[in-house]
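Residue-level structure breakdown
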Amino acid sequence: MPYPIRFALALILVSQSAFAEINASDCANAAKYSESRRGSAVLVMQNGRTIFEHYANDGSANRRWPIFSGTKTFWGIAALTAVQEGLFRLDDPVSDTITEWKSDPRKSQITIRQLLSQSDGIEGASHLQRPSIRDRNEMAIALPSVAEPGSAFVYGPSHLQIFSELLRRKIRGRNVISYFETHVSNRLGLHDLQYKKDARGNPLPATGFELTAREWARLGELVIGGGNYHRHQIVRPSVLREAFVGSQVNPAYGLTFWLNQQAPNGREADMERMLDLPWQNAQWSGVCICKDAPADMVVALGSHYQRLFIIPSMNVVIVRQGLAGNFSDAHFLRLVLRRTD
């Protein structure tokens, strides 16, 4: 069955399910669990209003917290604004812009969509995060291909770093950070972000942002609003939907968003532990984040269990921040949604 039909059916099933309005007392139980696992913040919004907010373990409403790879999703939105502007199409070959790849039999076949879904087969290259690198973009585009494009999910910072160089060339050498701020962060009211620039001024799109729980929730409100945030149409709904389509090699990952679309019959997995495995050993088919959460839930995910859960069918945004600990996304969500383990 084609994905759009399956997704529409999932939404119908969700709307007919027993999910009701979220109760603050259930959120309190989830926050207690999070706090016991070194959680610093839990924020729950439904229908545009905050119904629960709790801070612990040095967290506070005004304290910005590292969201690590949650940063990627903001750059995913920037990519969609570029699509909307006509700078490129998602299925364009990257080598149309990064012409150094034209003569490479593998790299010449990679599409922009594959870059954003980390299915391009390029080495993940976690070392790109080192602050001592002079030019991350140059290093990223020179990385080797370790698999055929579209045949493997290889998680790492390389893919968005390559995209950053592609975007730089598409805007003809103008400042990529200025583009991001004009099209995304300023429209969300987010300022003074940490870009972790290299010596050439290239940002590190894979990680680095520090946000309060309330600030991070704005991205969730954008998704709930179909690309509209407080009357600013940042991304058209038809373009935004592209972010929620998984790849064949990893149906649980779209364009910088993690997906729960294989629920309710999927195999629950701790995504962080999955990502710790060698990419050759991770099995993504049939994986979901929480089988008792709606299938349309999408997630921005950062190390040490930084989470932005977004459930469009329930108009719900949930932020969880904290330090590394023995935390379960599925158990936390069951507590918020009042489901039983």
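Structure: above.
As a starting point, this report considers the structure included with it. (Residues numbered from 1 in each chain as written. Predicted model: local features only at pLDDT ≥ 70, side-chain atom pairs only at ≥ 80, totals over all residues. Heavy atoms only, no water.)

Some remarks on the packing of helix H3 (residues 70-85) against helix H8 (residues 213-224)
Short version of the rule: Helix axes are fitted only over the stretch in contact, all axes being lines through C-alpha atoms; the angle between N-to-C directions runs from 0 to 180 degrees. Runs of E in the DSSP output that reach at least two residues are strands. Runs of H or I that reach at least four are helices, and both are numbered from the N terminus. Reported orientations rely on four angle classes, namely roughly parallel under 35 degrees, roughly antiparallel over 145, roughly perpendicular from 65 to 115, and oblique for the rest. Helix crossings get a hand from a simple test, with the near helix turned counterclockwise from the far one by less than a right angle marking a left-handed crossing and a clockwise turn marking a right-handed one. The contact rule is simple, with two residues in contact once any of their heavy atoms fall within 4.5 Å.
With their axes 12 Å apart at the nearest point, H3 and H8 run at an angle of 40° to one another. Judged on the interaxial angle alone, H8 and H3 are oblique. Note that H3 runs across H8; the crossing there is left-handed. When H3 is examined against H8, the residues Gly-70, Thr-73, Phe-74 and Ile-77 are found in contact with a partner set consisting of Trp-216, Leu-219 and Leu-222.

Some remarks on unusual backbone geometry
Among all residues save glycine, negative phi is the norm, and among peptide bonds the norm is trans. In this structure, the amide linkage connecting Ala-263 to the following residue, Pro-264, adopts the cis form with an omega of 5°. One can find Pro-264 in the loop between strand S7 (258-259) and strand S8 (267-268). Its identity is not glycine, yet Asp-58 carries a phi of approximately 75°, on the positive side. Checked against the element boundaries, Asp-58 lands in the loop between strand S2 (49-55) and strand S3 (65-66). Positive phi, normally seen in glycine, also occurs at Asp-192, with a value near 55°. Along the chain, Asp-192 turns up in the loop between helix H7 (176-185) and strand S4 (210-211).

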